[in-house]
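Understanding the architecture of this molecule
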Amino acid sequence: MEECSSSTKRAAGPEDEFTRLVLSDDNLYRKQVFFSYNFINSFGKLTSYHLKKFVIKILLKISTGWRPKRRRVNLKCEIFSQIVKQFKVEGYYVVYTIDIMKEFHYEQVLKVWDILPLEEIQKLFVRLDTIFNSYTEDFINRCKVKCLDGNLEVPMSWPISHDIVRYKNINNAIFDSDSGGCEVDHRSYVENSKVNESFSLMKFYSLSAGIVNHLLSDQEGKELDLPFEVNDQEREIILFPKSSFILGRSGTGKTTVLTMKLHRKIEQYRIASNGLSSEERGMSLSNSADVSQYVGEFKENMLHQLFVTVNPKLCFAVKQHLSPLKSFASGGQFYADKSSYDMDDIDEMAQFHDIPDTFVGIHCDKYPLVITFHKFLMMLDGSVGNSYFERFHCVRGFPQVKRSTRSVSLQTFIRTKEVNHDRFCFFYCINEKLTKCLDPSRVFVEIMSHIKVGLQGEVSREDYVSLSDRWVSTLSAQERNAIYDVFKDYEKMKTKHCEFDLADLVMNLHFRLNNENLQGEKMDFVYVDEVQDLTTTQISLFRYICKNVDEGFVFSGDTAQTIAKGVDFRFEDVRSLFYNEFVMKSKKFRFPRREKGLLSDIFILSQNFRTHSGVLKLAQSVIDLLSHFFPQSFDVLPPETSFVNGEPPIVIEPGSNENAIITVFGGSGNVETKMVGFGAEQVILVRDDSVKKEISNYIGHQALILTIVECKGLEFQDVLLFNFFGSSPLRTQWRVVYEFLKEKDLVHSSYLNSSPSFSQLRHSVLCSELKQLYVAITRTKQRLWISETSEELFKPMFDYWKRLGLIQLRKVDDSLAKAMPRASSPEEWKSQGIKLFWEKKYEIAITCFERAGEKMWKRWAKAAQLRAASDQLSGSNSIAARIRLREAAEMFHSIGKADSAAECFCDLNEHERAGALWLQCPSEKHK
Ligand SMILES: Nc1ncnc2c1ncn2[C@@H]1O[C@H](COP(=O)(O)OP(=O)(O)OP(=O)(O)O)[C@@H](O)[C@H]1O
């Protein structure tokens, strides 16, 4: 091992020499060096700035092909010693390994794992040994190959045709459904580790000016929002040049792939317009045809990219992720600031005040446009003909403002008069006879996904009812007739109340866009994430905004996540929609013959980065039931894989006659030590608000409690799923799962005597129940506990899981109760609070801010909650709505949120006060 002395550094000369070294164009191999998250953390803890700079210099030298001289050291990493390297600097060891990455070819790269004092290094070697043990011999041998250029060691590469396989046994299914769904686990996992400490899931960051700046800028402990290296599967999709569909379950990297794809286009565009440095020529775009294409296409213009998702929180996350990527792209300069999107921008960003409601004249610095689907509709509405909202007589009286900046009164109208899922279930679904047998959510799904879907208007009753003849239909003709009645009543009431729903706006937009041209910028590339939350009619709106049908579209989604919220969705439907509405309509007359082969590729992401095998296997068992009973209701994907082996979830066996929550949280149970409560990364999941209330009465603020619908899109270290089966509308009908068990030879046929035989019609609720169960399970990163109050109702699923060995049974006792909580710091509570605030889960965000001791945030969340409550009440109880709105206004004002306060006063028609407040706002938007 080489001992490097930092005295070299003292002679190193001025600061800009170092900068030059970092940015040097001569260093062709810089992008073949990667730092691990652990390295960055340990590096951040080094106290000497000189030492830090010196380490970076050595690594930069290594990246040029120079190698420290090897000396024998007494460290045990013998088996893989030829691929594990280390050098010593002032008492610290930097450990790096040789690896292989697949891009346009296979190529050797260096991965820097950590910088540690001697006493900690042996542990690292042991863990690296485990990782390498899972690699194939061929892979290891190729890592060992040395390629010399004079006395420099340069990366060896192999053509893509070599098909180099990294893992020995990675493709075996988690369990083999065909062989009876039994507990056959052939997979050899890479690690037994906690998910957040796993080496195989660790992120790596390439050696760039940005990362060096981050390393040297004393950002210890700050969450890292820098571009990390994706795996081979993700990279293949990122590099795929045509329009495509990405399908994968929760946590498989769909959003990551979309964001990176978008960023890659920005890079290509930048390189095409600025010319290439030698490094970029070598690294970023290996294909020069690719480059010239972009030079040709974009040189004179600018790149218009649009990223759309339903969820505002995801927009925020993507923007945050893109911000440093953009800094990297703008010439590779050092940048000292962290993400330009601060948490204080939350309000601003949720409402997209900075982007006009039109595609006309959008400032170039707003690209890539990252917006919600709602904002997308508003922008379309502002870009073609007369606005949809002009039809409402109450809107006609509003002050006339340019359409690009809608008046605050119009914004309020849009916010409060839209009938969404919750409002529909609360106010509109009043046909009691029907709602006794079908839940309002289901009715809403039917109306939004199957009735209000015609591009020219709704589907006729006759056509809708005739859907019951299809064998996949889970609704009878009678039920469909009843739903159609509700739809008719709903439409009448909605008109009376001067309200609208998104389907009305979408149909109107289709009508206008078919007759008039869309004004403003067209997009070069469009990325639609969480596409499962959109109806096909909504999706087909994207064809008006981007003409680049061959290459311009990427859709990603997960159909197992759709929990009845107004959308009934299958990816195959989107794919044929794409062919019929996008491909055929765009080129029908130009290339009538070529199109057949142009149905774009579907990529399936199957490696899960969020959780371990124990949780995945349980989730897969639910998917197996879904695909057995409702094969048409979602896209069946191959089982997910995880590198990390984890414990099966725990079923908590209640003590004497009471529910486990009371015992665990010390309500009245026999556990002596009352536990301190759950931390910020732990949650109790329940079916609905009534159970939530019931539990919070027992345990107060000892834990965050969410309903399953509320938890969608969120994830927690630990999840306690409470009484899912005990509160299920299916009750004893869960026994139909015995039919599946019998078919797989997992139970004796005697179980079938007392179980109902499955019927699509009678058991249609099972489909949404299984989807909800799947969502609940997949919120878990590490530990999942299941607690049920009724043994009888849980028994069928318990038997299923037990038989497959997917769960472990634990009696609730002192040791379990002590092991469950994981305390959180005030910063963690605050960060969780902000996440939940974003999700508009104000009630539990308030709890988090309380635990964090964050008074200002707590008041902010409270004010936002009052405002939301006022919006909800506005249609039914205007006095109560105004009381809440006034309270919200005063509260916003008291914490210096003049903008939000002003909006509330404006809604209260107190324009003078609103005006005075707006004058205090830094932004000019309302003046
Ligand atoms: N190659 C990788 N190495 C390590 N972590 C990764 C990799 N790719 C993605 N991740 C991480 O995995 C997590 C899940 O990724 P992402 O959010 O993109 O998944 P998703 O499929 O969009 O999930 P969801 O549908 O729940 O939104 C993120 O924290 C992401 O940073």
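Procedures and definitions
- Residues numbered from 1 in each chain as written.
- Predicted model: local features only at pLDDT ≥ 70, side-chain atom pairs only at ≥ 80, totals over all residues.
- Heavy atoms only, no water.
- Helix = DSSP H or I, 4+ residues; strand = E, 2+ residues; numbered from the N terminus.
- Buried < 20%, exposed > 50% of the residue type's maximum accessible area, 1.4 Å probe, protein only.
- Pairing = 2+ DSSP bridges.
- Salt bridge = Lys/Arg side-chain N within 4 Å of Asp/Glu carboxyl O.
- UniProt positions renumbered as here; feature names shortened; annotations may be inferred.
- Contact = heavy atoms within 4.5 Å.
- 1 Å grid on protein atoms, 1.4 Å probe; cavity = no way out; pocket = protein on both sides within 12 Å on 5 of 7 lines; lining within 4 Å.
- Points joined across faces, edges and corners; volume = space filled by probe spheres on them.
- Domains from an automatic or database assignment.
- Phe/Tyr/Trp six-rings, centres within 6.5 Å; stacked < 30°, edge-to-face > 60°.
- Lys NZ or Arg CZ within 6 Å of the ring centre and 35° of its normal.

Looking only at helices and strands, the protein chain features 39 helices and 23 strands. The buried share of the protein chain, taken over its 927 residues, is 57%.

Attention now moves to the pairing of strand 15 (residues 553-557). Of all 5 residues that make up strand 15, 5 are buried, and the element is covered over most of its length. Here strand 15 shows two buried faces, one formed by Phe553, Phe555 and Gly557 and the other by Val554 and Ser556. In the sheet, strand 11 (residues 244-248) pairs with strand 15 via 4 bridges, with the strands oriented parallel. Counted as the bridge partner of Ile246 is Ser556 from strand 15. As defined by bridge partners, strand 14 (residues 525-528) adjoins strand 15 across 3 bridges and the pair is classed as parallel. Bridge pairing links Val528 to Phe555 in strand 15.

Applying the stated criterion across every chain yields a total of 31 salt bridges. The salt bridge involving Asp99 is made with Lys111; its shortest N-O contact spans 3.5 Å. In this pair, Asp99 is assigned in strand 4 (residues 92-102) and Lys111 in strand 5 (residues 106-117), connecting sequence segments 12 residues apart. The salt bridge involving Glu715 is made with Lys781; its shortest N-O contact spans 3.8 Å. Taken as a pair, Glu715 in the loop between helix 28 (708-711) and strand 21 (716-722) and Lys781 in strand 22 (residues 780-787) lie far apart in primary sequence, 66 residues in all. Judged by its relative accessible area of 27%, Glu715 is partly exposed. Three or more residues joined by partner-sharing salt bridges are found here, namely Lys452, Glu491, Lys494, Asp501 and Asp504.

We now examine the UniProt feature "binding site: ATP" (unreviewed entry) in the protein chain. Listed under "binding site: ATP" (unreviewed entry) in the UniProt record, and renumbered for this structure, are Gly248, Arg249, Ser250, Gly251, Thr252, Gly253, Lys254 and Thr255. By secondary structure assignment, the location of Gly251 is in the loop between strand 11 and helix 9 (254-274). Once you skip the residues sitting within four places of it in the chain, Gly251 turns out to touch Gln607, Asn608, Phe609 and Arg610. Its location among the elements puts Gly253 in the loop between strand 11 and helix 9. Ignoring anything within four residues of it in the chain, the contact list for Gly253 reads Glu234, Leu605 and Phe609.

Considering all chains together, one arrives at 4 cavities of 30 Å³ or more under this definition. Its volume calculated, the largest cavity comes out at about 60 Å³. Elements supplying a minimum of two residues to the lining of the largest cavity: helix 22 (502-515) and helix 23 (536-539). Of the residues that make up the lining of the largest cavity, three or more belong to each of domain 2 (250-375 + 524-605) and domain 3 (421-499).

What follows concerns the packing of aromatic side chains. For any pair of aromatic rings, the description consists of the separation of the ring centres together with the inter-plane angle of the planes. One pass over the full model with this rule turns up 42 aromatic pairs. Residues Phe87 and Tyr96 carry aromatic rings whose centres are separated by 6.4 Å and whose planes lie at 55° to one another, so their mutual orientation is tilted. Looking at Phe87, the relative accessible area reads 0%, which means it is buried. Linked through ring pairs, Phe724, Phe725, Trp734, Phe794, Phe798 and Trp801 together constitute an aromatic cluster. Positioned above the aromatic ring of Phe204, the side-chain terminus of Lys111 is 4.6 Å from the ring centre. The aromatic ring of Phe199 is capped on one face by Arg127, whose charged end is 3.9 Å from the ring centroid.

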